[in-house]
Amino acid sequence: VGLLVFLLALELADRLLVRDELEVARQLQRELLPAQVPELPGYRFAQASRTANEVGGDYHDYIPLPDGRLALVIGDASGHGMAAGLLMAIASAVLQLALELEPTLDRVFALVNRVLCRTGVRRAFMSLFVGLLDPGTGRLDYACAGHPFPLLRRADGRIEELGRGGLPLGLRSSLSVVPATTSLAPGDLLVLYSDGLPEAANRRGEPLGFEKVQGWVAQGGAPGGVVARLLGGLDAHAAGEPLRDDLSLLVVGRETATAALA
């Protein structure tokens, strides 16, 4: 009996240790993700995130640059749980340093890719989208590496996808990322999301799909309303089925002159 009690005590101690480590990891992840959206005259922001495990691998952020631009970032580290959270933390630190030192997209992506390749783990890769927004003009310089293309809803309802394909970072030392430029005009809406949204499945294993996501974005509205619509559509589709992948949303809307005065 004494031995049994001793073994049970050891198992309990192990479980408590794991629980404490997971809580520390969750706290660190919460500190890496933005608690609030930016306050930027002429723009409105909304965000949401959900994790499939105790610790997720999705990442999004708003990073102010020394020249007055705002970096809009969203990424998805490979895998789930602790390993994905660690990879996300590494990429976040490198990305912020790169944007501070030399905020050009080709240099930023090259540095993050080089660091991830040097981890020496084949499965350590990360999809990434970075957009550098000039608030005054609405100019958006962006690049995408293996991430679902963000959706730019124009004021007239047209939908544009921002991206040109490419592999996630960390898979190869050579990069195929090609920066591009567009602009956010008054009334436009930019929606960044991770693949946990369109790939969310119901009990029959059917994914939500990109078409539904585009359809809900096409309806427009304020950023907060768009986030609520996307999450509501996801919940209705999943019907209680748990998430199989992490989910992140970041929505930016440029206000019209009328809305800005309201």
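Rules behind the numbers
Residues numbered from 1 in each chain as written. Predicted model: local features only at pLDDT ≥ 70, side-chain atom pairs only at ≥ 80, totals over all residues. Heavy atoms only, no water. Helix = DSSP H or I, 4+ residues; strand = E, 2+ residues; numbered from the N terminus. Buried < 20%, exposed > 50% of the residue type's maximum accessible area, 1.4 Å probe, protein only. Contact = heavy atoms within 4.5 Å. Salt bridge = Lys/Arg side-chain N within 4 Å of Asp/Glu carboxyl O. Core = buried A, V, L, I, M, F, W, Y, C linked by side-chain atoms within 4.5 Å. Pairing = 2+ DSSP bridges. Axes fitted to C-alpha atoms, helices over the stretch in contact; angles between N-to-C directions. pLDDT = per-residue confidence, 0-100. Arc of directions from axis to C-beta.

## Describing the overall build of the protein chain
Alright, step 1. On a plain count of helices and strands, the protein chain comes out with six helices and 10 strands.
Alright, step 2. Across the 262 residues in the protein chain, those meeting the buried criterion constitute 45%.
Alright, step 3. When contacts within the protein chain are restricted to residue pairs at least 6 apart in sequence, those whose partners lie at least 24 apart make up 71%.

## Quick notes on the pattern of salt bridges
Alright, step 1. Per the counting criterion, the structure on display carries 11 salt bridges.
Alright, step 2. Its salt-bridge partner being D235, residue R50 comes within 2.8 Å of it at the nearest N-O pair. Here the residue R50 occupies a position in strand β1 (residues 43–50), and D235 occupies one in helix α5 (residues 223–238), the gap between them amounting to 185 residues.
Alright, step 3. R50 sits in the partly exposed class, given a relative accessible area of 29%.

## A short note on the nonpolar core
In summary, soluble globular proteins display a tendency toward joint burial of nonpolar side chains.
Alright, step 1. One finds Y59, V73, L95, L99, F109 and V130 to be the most contacted residues of the largest nonpolar core, which totals 29 residues.
Alright, step 2. Mapped by element, the contributors of at least two residues to this core are β2 (58–64), β3 (70–77), α2 (81–101), α3 (105–117), β4 (126–133) and β5 (139–145).
Alright, step 3. The element contributing the most residues to this core is α2, with eight residues.
Alright, step 4. Sequence-distant contacts of L95, that is, excluding residues within four places in its chain, are made with Y59, V73, V108, V112, L128 and V130.
Alright, step 5. L189, L197, V226 and L234 belong to the second-largest nonpolar core, a separate cluster that totals 20 residues.

## Side note on the sheet that holds strand β10 (residues 247–254)
Alright, step 1. Taken together, the five strands give an open sheet; going across it, the order is β1-β10-β9-β6-β7, and neighbouring strands pair in antiparallel fashion. Single-partner strands in this sheet number two, and they are β1 and β7 (159–161). Ignoring strand direction, the axes of neighbouring strands in this sheet form an average angle of 15°.
Alright, step 2. Alignment of strand β6 (residues 151–153) against β7, held across three bridges, turns out to be antiparallel. Directly across from L151, in β7, lies its bridge partner E161.

## Topic: the pairing of β2
Alright, step 1. Most of β2 is tucked away, with six of its seven residues classed as buried.
Alright, step 2. With seven bridges connecting them, β2 and β3 associate as antiparallel partners. Across the sheet, D61 pairs through a bridge with V73, a residue of β3.

## As for the pairing of strand β8 (residues 180–183)
Alright, step 1. The side-chain alternation of β8 yields one buried face, formed by A180 and T182, and one unburied face, formed by T181 and S183.
Alright, step 2. Sheet topology places β5 next to β8; four bridges connect them, and they run antiparallel. Its bridge partner being in β8, D141 is matched across the sheet by T181.

## As for the environment of I74
Alright, step 1. Mapped onto the fold, I74 is located in strand β3.
Alright, step 2. Among all residues touching I74, those that are not within four sequence positions of it are Y59, H60, S127, L128, F129, H147, L192, Y193, S194 and S248.

## With respect to the confidence of the model for the protein chain
Alright, step 1. Of all residues in the protein chain, 81% attain a pLDDT of 70 or more, and the chain-wide mean is 84.
Alright, step 2. Under a pLDDT of 50 for its full length, residues 1–7 has, in the predicted model, zero contacts with residues more than four places off or in other chains.

## Some details on helix α4 (residues 210–218)
Alright, step 1. Of all the positions in α4, only V213, W216 and V217 are classed as buried. Along α4, the residues classed as buried sweep out an arc of 100° about the axis, all on the same side.
Alright, step 2. Along its buried surface, α4 packs onto β6, β7, β9 (189–193) and α5.
Alright, step 3. Where α4 ends, the next residue or the one after it, G220, has phi of about 70°, a positive value.

## Concerning the sheet that holds β8
Alright, step 1. Judged by pairing direction, the sheet is antiparallel, and its five strands sit side by side in the order β2-β3-β4-β5-β8 without closing on themselves. Strands at the two margins of the open sheet, each flanked by one partner only, are β2 and β8. Neighbour-to-neighbour, the strand axes of this sheet turn through a mean angle of 20°, independent of strand direction.
Alright, step 2. Taken together, the six bridges between β4 and β5 define a ladder with antiparallel strand orientation. Its bridge partner being in β5, L132 is matched across the sheet by D141.
Alright, step 3. Sheet contacts for α3: β4 and β5; angle to β5, the most-contacted strand, approximately 25°.

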